[in-house]
Amino acid sequence: MRGLFALYRDDPDKADRLLFGRVSHPDRRGFLKHAGLAAMGALVGGAIPFHRTMPAHLLPVALAGESVIEGKDGLVVLNERPLNAETPSHLLDDAVTPTARHFVRNNGIPPTDMDPADWRLTLDGLVETPLTLGIDELRQRFEVVTARLTLECAGNGRAFFDPPASGAQWTHGAVACAEWTGVRLADLLKAAGVKSGVVYTAHEGADTHPSGEPGRQVLSRGVPIAKATDPHTLVAFAQNGAPIHPMNGAPLRLVVPGWPGSCSQKWLTRVWLRDRVHDGAKMTGTSYRVPNRQVAPGEQVDEEDFVIIGAMPVKSLITSPATGHRTAEGRLAVRGHAWAGDRRVAAVHLSLDFGATWFEAALDTPANAHAWQSWRAEVALPQAGYYEIWARATDSEGARQPDSVIWNPRGYLNNAIHRVAVSVG
Ligand SMILES: Nc1nc2c(c(=O)[nH]1)N[C@H]1C(S)=C(S)[C@@H](COP(=O)(O)O)O[C@H]1N2
Ligand SMILES: [Mo]
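These remarks concern the structure in this document. Because the structure is a prediction, the values reported are computed rather than measured.

## Brief notes about the site of ligand 1
Then comes step 1: Around ligand 1 there are 20 residues in total, and F103, N107, D207, R253 and K266 lie nearest to it.
Then comes step 2: In the environment of ligand 1, a nitrogen atom lies 3.0 Å from a nitrogen or oxygen atom belonging to the backbone of S264.
Then comes step 3: Taking K266, its side chain carries an N or O atom lying 2.5 Å from an oxygen atom of ligand 1.
Then comes step 4: Of the pockets mapped on this structure, ligand 1 occupies the largest cavity.
Then comes step 5: Classifying every residue of the shell around ligand 1 by side-chain character gives eight nonpolar, eight polar and four charged.

Here it is in structure tokens:
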């Protein structure tokens, strides 16, 4: 698949000829060859009803569904520019998400120069001494810590909203728990000296706006100073013991576990301390904000009635079996993970009868605060038929996952229970 991509980049006419049988300008209307269409249909797993109007030199995004991102494996690409790719649930089975399986959520175009040797991070604003530090200085001057930290996009699960919400149509896979190594943001801020009156951080990264307009910010989020100085909030320079993947923010990024992934600025260049709630790109309007009350599906909500999302809600994922699994009558091992924002997961329950009755799964304690917790159970599937396995987590404060989506205009915070289908017999 990568070969096909390279071919489209280097010689689009040849690529068209190979895939479609001939080059057709200005579009392929009527020219698509049967073999090419069948091959493409097989690749995307279905018929291609829109082929007649497919413009030339365009690689269909569905074709690009797998293995197109260097160093990533099995991710499903939702959008190519900016790049958004999620991980199928059954590929999130590991306690520590391998880098190759960590989702990618870009709002803009990543920087081209990610050389750690000349990367600089500036801490300024309401500090006694503004600091500009290289990555070597971070390693040398501050305590280096490693932790498994759960990162989930606030829009994970957006695909299930009805009425639909605009934005990347994540299903279940915009979540991961990698092992991150770096220094505590709290320690950096202490070295800079936090002045009184600080309310919020403001984060800046080196990516650029898709429009190409110079100076236009892509994303600049911040968090309340209490979250910034929480010892689990890291400025990370390693992911799973190796340099950070370029699409996950190399060479330096924030990891603000338990909060919307957008708080964890990638390609981090600056943390600015402010005396007010930060108002950078995607901090205002309806971005990463939800209504301050329950609203009806489809309801229009005034902008001033939105509040910024803080800690993410309790959620769980079934990572085995994969949905669509076929098995013989008998017992089946079921497993997955659960996480709960700034809280811990207290229990995970499973149901095999569409939520009528529930039984408890065995649940691991977290490896460290903000690591997701793995769970497992063995279930009996005594006779042939269609089963659904439902998983529902409850957090340490007693909050539990709802049965269905709690609707909000931009499709955030969908922590509805995960269901997988299994055929027996
Ligand atoms: N600089 C920068 N940082 C960013 C983003 C971005 O577009 N630019 N996306 C954010 C969002 S919305 C999420 S969910 C996480 C995703 O992290 P990942 O791509 O490493 O999985 O990165 C966040 N940090
Ligand atoms: Mo996100």
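## Structural notes on the sheet that holds strand β12 (residues 268–274)
Then comes step 1: Overall, mixed pairing links the four strands, which are arranged β5-β4-β12-β8 in an open sheet. In this open sheet, the two edge strands, each paired with only one partner strand, are β5 (131–134) and β8 (200–205). Neighbour to neighbour, the strand axes of the sheet diverge by 15° on average, direction disregarded.
Then comes step 2: Where strand β4 (residues 120–125) lies against β5, four bridges are found, and the strand directions are antiparallel. Directly across from L121, in β5, lies its bridge partner L133.

## Thoughts on the pattern of salt bridges
A side chain with one charge may pair with a side chain of the opposite charge, provided their charged atoms come close.
Then comes step 1: Counting across every chain of the model gives 17 salt bridges.
Then comes step 2: Notably, a salt bridge pairs R184 with D187, separated by 3.2 Å at the nearest N-O pair.
Then comes step 3: For D187, a relative accessible area of 23% puts it in the partly exposed group.
Then comes step 4: Each of D124, E204 and R270 takes part in one network of salt bridges that share partners.

## Overview of the side chain of H245
Then comes step 1: Here H245 lies in the loop between β10 (242–243) and β11 (253–255).
Then comes step 2: Here H245 falls in the buried class, since its relative accessible area comes to 8%.
Then comes step 3: At 2.8 Å, the side chain of H245 forms a polar contact with the backbone oxygen of E70.
Then comes step 4: For H245, the residues in contact, after removing those within four places along its chain, are I69, E70, G71, K72, T99, Q239 and A250.

Parameters at a glance
Starting from 1, residues in each chain are numbered consecutively following that chain's sequence as written. To label them, take the chains in the order written and letter them from A, then take the ligands in the order written and number them from 1. Since the coordinates come from a predicted model, pLDDT governs what is reported: local features require at least 70, and pairs of side-chain atoms require 80 or more to be given and counted, while whole-chain, interface and lining totals use all residues. With hydrogens and water excluded, all non-hydrogen atoms of the structure serve as input to the side-chain values. Nearness is defined per residue: one heavy atom within 4 Å of the molecule or strand is enough. Two N or O atoms form a polar contact when they lie within 3.5 Å of each other; inside protein one atom must be a possible hydrogen donor and the other a possible acceptor, and for residues adjacent in sequence the pair counts only when both atoms belong to side chains. Cavity and pocket criteria rest on a 1 Å grid covering protein atoms alone: a 1.4 Å probe that fits but cannot get out defines a cavity, protein on both sides within 12 Å along at least 5 of 7 lines defines an open pocket, and an atom within 4 Å of a point defines a lining residue. A molecule is counted as occupying a cavity or pocket when more than half of its atoms fall within 2 Å of that pocket's grid points. Residues are grouped as follows: nonpolar covers Ala, Val, Leu, Ile, Met, Phe, Trp, Tyr, Cys and Pro; charged covers Asp, Glu, Lys and Arg; every other residue, Gly included, is treated as polar. For two strands to count as paired, DSSP must find a minimum of two bridges between them. Here a strand is any run of E in DSSP of at least two residues, a helix any run of H or I of at least four, and the numbering for each starts at the N terminus. Only the stretch in contact is used when a helix axis is fitted, and all axes are lines through C-alpha atoms; the angle between N-to-C directions ranges over 0 to 180 degrees. Between Lys or Arg on one side and Asp or Glu on the other, a salt bridge is scored when a side-chain nitrogen of the former is within 4 Å of a carboxyl oxygen of the latter. The classification of residues rests on relative accessible area computed with a 1.4 Å probe and restricted to protein chains. Under 20% of the type maximum is buried, over 50% is exposed, and intermediate values are partly exposed. It only takes one pair of heavy atoms within 4.5 Å for two residues to be counted as in contact.

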